[in-house]
Amino acid sequence: MEQPRGKTGWTEVTEPGPGRPGFGASDRRPRAAALRLLSTMTQAEIKLCSLLLQEHFGEIVEKIGVHLIRTGSQPLRVIAHDTGTSLDQVKKALCVLIQHNLVIYQVHKRGVVEYEAQCSRVLRMLRYPRYIYTAKTLYSDTGELIVEELLLNGKMTMSAVVKKVADRLTETMEDGKTMDYAEVSNTFVRLADTHFVQRCPFVPATENSDPGPPPPAPTLVINEKDMYLVPKLSLIGKGKRRRSSDEDATGEPKAKRPKHTADNKEPIPDDGIYWQANLDRFHQHFRDQGIVSAVANRMDQTSSEIVRTMLRMSEITTPSNAPFTQPLSSNEIFRSLPVGYNISKQVLDQYLTLLADDPLEFVGKSGDSGGGMYVINLHKALGSLATATLESVVQERFGSRCARIFRLVLQKKHLEQKQVEDFAMIPAKEAKDMLYKMLSENFISLQEIPKTPDHAPSRTFYLYTVNILSAARMLLHRCYKSIANLIERRQFETKENKRLLEKSQRVEAIIASMQATGAEEAQLQEIEEMITAPERQQLETLKRNVNKLDASEIQVDETIFLLESYIESTMKRQ
C-alpha cells in the first residue's frame, strides 16, 4: 500500500530545543542456542522494520527509523551526526515518523529532547490492509475510506477526513450524484462510538498561554473521557469531483477566479482536535473473531453466536489486554441475542452450561445471580489458539506422526523417551528421530531432573516437555523472517519487470485519455496492440505471482497476530 512520503501536520511536536525455561542448568548448548535465537529474533524484526519503512516512506525515513531502533533513544544532533544526514532532513524524517506514531519523544531534566522508535508500531504497518478491510466489512465503503485516510496520514482532523472521503466517494459515483458530508460524518461518529478511531493527545491551552520561555518540546495530554468524544460540527456540503487543471470545481477558468487572501480564509471548526485509528480496538476485534471461529469449529454455529453476543456486549467495557470479559448474566445474554436466533431461555442455559463445562474453558461461570453469571476467559482462549497453531505447524513441517507425539507431550506435560514410544505406539527408533528433530527445531524442550548433585547422566531423568511460550516466540521469529523474505521477493519481481510495468501504465493512460475524448474502437485497439502477446502473458504471470505473495503476507501476519497476542497476554500474567 502506497504511503505519503512528504511532510504532514503537527510539525511543532517534533521541533526540539538546543535463560530459556525448560533446560537443565548443566546443559550449556541449549542455553547458547536460546541466546542466539533471542539475538537473531531482534535482527529479524529490525530487517522487517527496515523493509517496511523503506517501502512506505523512502530511504531517508528508513535510515533514521532503523538507526533509532538499533540504538534506542537519542537527541536530534546525535542522530544527525551518527547517520551522516543533514539536520533539516532528520527533522523532516522525525516529523513523518511522529506523525504516524512510529517515534515518541521525551524531555529530560536538562531540557534535552530524545527520540525513541516504536518497533512494535512499525510492524503494525503489515496489518494496514486488514484494518481497512475490517472497516469496510463493518461500516461499508465510507468506513473503509475513513480508516484508510487516517492510516495514510497518521493524524487528521475530523473535518479534513470527512471532506476528503466525500470527495473520493463522489469520484466513484455516476455523473450527477454526490456524497453528502453529513453521511460521512455519521459513519465517523459510529466509528468513534465503537472506539475504532480515537482522539490524539494535544497541547493543553495553559502551555500555550504561559508567558515564560517555551519548553524544548510540547507536552501532550489526553483526558480518557474525551478520547472518543466527537466535536459538534455542522459540516454542510457535498463531495466534489476533480476537474482538469485549467478549471476549478465550478467550471470557471483559473483566470476568472478571485484571489483569496489569508484574511478571508474560514477558520477550521475543529482545529487542533486530531484523530487516529485505534489499532488496539482492531486487534480486539480480530481476537474476538478468532475465538468465535474456534467455538464454531469445535461445537456449532449457535454456540459461536452466543459467544459472539457475549463478546459484543463487553467489547467497549472490557480493556483490550484484560484476561477476562466483564461478567454477564444469562438474562442479559438472552435479551441481547440476534433477532434471527429464536432459541428459548432454557436452551440458552443448556448451551452456556455446555460451554462452561468444555475442557478448553473458553467460557467460565463466575456466579449464580441473574440466572448465572458468565465470563469469557480471553487468556485461555488465546492459549488454545496459539497451541492449535503450533500443532498445525508441526503437522505440516514434520508429518502426522510427529504431530501425534507433540500433542501427547502437550497433554501429559512431561514424558520420558520410553513413555513417548509406548503412549504414541511408535517404534523406538522412529520416536527417537522425531523427538530429536523437534528438539533441534525448538518445538519441544528437554528437562533434566538429577537424582544427585553431580548431574551424572546415569542418575538423571530426562523428560520431554513443551514450553508453549518459548515455542511461540521461536515461531514468531520465523514468521518475521518469512514476511521479510516475501517482501524482498515481491520487490525483486517488480524490479525485474520494471520496464514492462512502466510501458503497461503508459498504454493504459493513453487509452484512458482517448476514451475520455471519445476515440473510435479501432484507434483503441491499435493502442492496445502496442503490448505484444508475450508481454501480456509476462504481465499476467507477474500479477499472479505478486497476488500470491501479497496473500501469503496476510496469512503469515494472521499467525503473527495470534502468537503476539498470546505472548503479550502470558507476559502480563507473570
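See the structure printed just above.
Rules of the game
- Residues numbered from 1 in each chain as written.
- Predicted model: local features only at pLDDT ≥ 70, side-chain atom pairs only at ≥ 80, totals over all residues.
- Heavy atoms only, no water.
- Phe/Tyr/Trp six-rings, centres within 6.5 Å; stacked < 30°, edge-to-face > 60°.
- Helix = DSSP H or I, 4+ residues; strand = E, 2+ residues; numbered from the N terminus.
- Buried < 20%, exposed > 50% of the residue type's maximum accessible area, 1.4 Å probe, protein only.
- Expected span 1.5 Å × (residues − 1).
- Arc of directions from axis to C-beta.
- Contact = heavy atoms within 4.5 Å.
- Pairing = 2+ DSSP bridges.
- Axes fitted to C-alpha atoms, helices over the stretch in contact; angles between N-to-C directions.

Caption draft 1: The packing of aromatic side chains, seen in detail. With the rule as written, the count across this model stands at 9 aromatic pairs. Between Phe196 and Phe282, the ring centres sit 4.9 Å apart and the planes meet at 55 degrees, which makes this aromatic pair tilted. One end of the pair, Phe196, is in the loop between α9 (181-193) and β5 (197-199); the other, Phe282, is in helix α11 (residues 279-298), and 86 residues separate them in sequence. A single burial state applies to Phe196 and to Phe282, both of which are buried. An angle of 85 degrees between the planes, with centres 5.6 Å apart, marks the rings of Phe398 and Phe443 as edge-to-face. Placement of Phe398 in helix α15 (residues 378-398) and of Phe443 in the loop between α18 (428-440) and β10 (445-450) is noted, with a sequence separation of 45 residues between them. Given the relative accessible area of 16%, Phe398 is considered buried.

Caption draft 2: Main features of helix α14 (residues 345-357). Between the first and last C-alpha of α14 there are 18 Å, a value that for 13 residues agrees with the 18 Å anticipated at 1.5 Å per step. Among the residues making up α14, those that are buried are Leu348, Tyr351, Leu352 and Leu355. Taken down its axis, α14 places every buried residue within 100 degrees of arc, on the same side. Away from the buried face of α14 by more than 90 degrees, exposed residues Gln346 and Asp357 are located. Where α14 is buried, its residues meet α11, α12 (301-314), α13 (330-336), β8 (363-367) and β9 (373-376).

Caption draft 3: Region of interest: the sheet that holds strand β7 (residues 328-329). Strand order in the open sheet made by the 3 strands is β7-β9-β8, with antiparallel pairing throughout. Edge positions in the sheet fall to β7 and β8, since each has one partner strand and no second. With 4 bridges connecting them, β8 and β9 associate as antiparallel partners. Bridge pairing links Gly364 to Val375 in β9. Packing of α12 onto the sheet brings it into contact with β7, β8 and β9, and relative to β9 it is tilted by some 85 degrees.

Caption draft 4: Just α12, in detail. With 14 residues, α12 extends 20 Å between its outermost C-alpha atoms, agreeing within 8% with the 20 Å of an ideal straight helix rising 1.5 Å per residue. When you tally the buried positions in α12, you get 10 out of 14 residues, the bulk of the element.

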